[in-house]
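# Structural overview for review
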Amino acid sequence: IHKNPDFRLPPQPSTPIIMVGPGTGLAPFRSFILQRLLAGGKLNGQAVQVNGQAETLGEMVLFFGCRRSDQDYLYGQDLEAWAAAGHLTLHTAFSRQ
């Protein structure tokens with residue numbers, strides 16, 4: 001196992017991100033989402049500052065797939081809550097349902 005220096009969030013929080021996890025795991029994308037929400041004050045009530053200026057967070061889109069929503073859809077409630085709040089556009093696919 002080694003680090004991939006290219007697998008990271010863009011330096012500007014306003015840059016949109018598209019995340020695709022077709023059964024490969026949610027952990028890195030969940031951390032990207034949480035980092036963006038924390039930086040944007042969506043979880044702690046503070047706005048993101050870049051060079052002393054308030055900046056809007058870029059759109060976040062997640063395509064996520066797993067076998068079954070009732071067994072494999074870990075953090076599904078969190079993802080759906082963030083989508084319902086307008087923080088994330090969520091597309092899901094369940095291959096065994």
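Now for a description of the structure that goes with this document. Quick caveat: nothing in here was measured; it's all calculated off a predicted structure. (Residues numbered from 1 in each chain as written. Predicted model: local features only at pLDDT ≥ 70, side-chain atom pairs only at ≥ 80, totals over all residues. Heavy atoms only, no water.)

## Thoughts on the overall build of the protein
Looking only at helices and strands, the protein features two helices and five strands. The helix and strand sequence of the protein, counted from the amino end, reads β-α-β-β-β-α-β. Expressed as a percentage of its 97 residues, the buried residues of the protein come to 30%. Of the contacts made within the protein by residues no fewer than 6 positions apart, 65% connect residues no fewer than 24 positions apart. Counting every atom, the protein has about 6,600 Å² of accessible surface; 51% of that belongs to carbon and sulfur. (Helix = DSSP H or I, 4+ residues; strand = E, 2+ residues; numbered from the N terminus. Buried < 20%, exposed > 50% of the residue type's maximum accessible area, 1.4 Å probe, protein only. Contact = heavy atoms within 4.5 Å. Areas by Shrake-Rupley, 256 points an atom, 1.4 Å probe, with all protein chains shown as cover.)

## Description of the sheet that holds strand S5 (residues 89-94)
Sheet architecture is open: three strands sit in the order S1-S4-S5, paired in parallel fashion. Every interior strand has two partners, whereas the edge strands, strand S1 (17-22) and S5, have only one. Strand-to-strand twist of the sheet, defined as the mean angle between neighbouring strand axes without regard to direction, takes the value 5°. By the bridge criterion, six bridges tie strand S4 (residues 60-66) to S5 in an arrangement that is parallel. What sits directly across from Val61, in S5, is Thr89. Seen against the sheet, helix H1 (residues 27-39) touches S1 and S4 and runs at an angle of roughly 155° to S1. (Pairing = 2+ DSSP bridges. Axes fitted to C-alpha atoms, helices over the stretch in contact; angles between N-to-C directions.)

As far as function goes, none of this settles anything; it's purely spatial.
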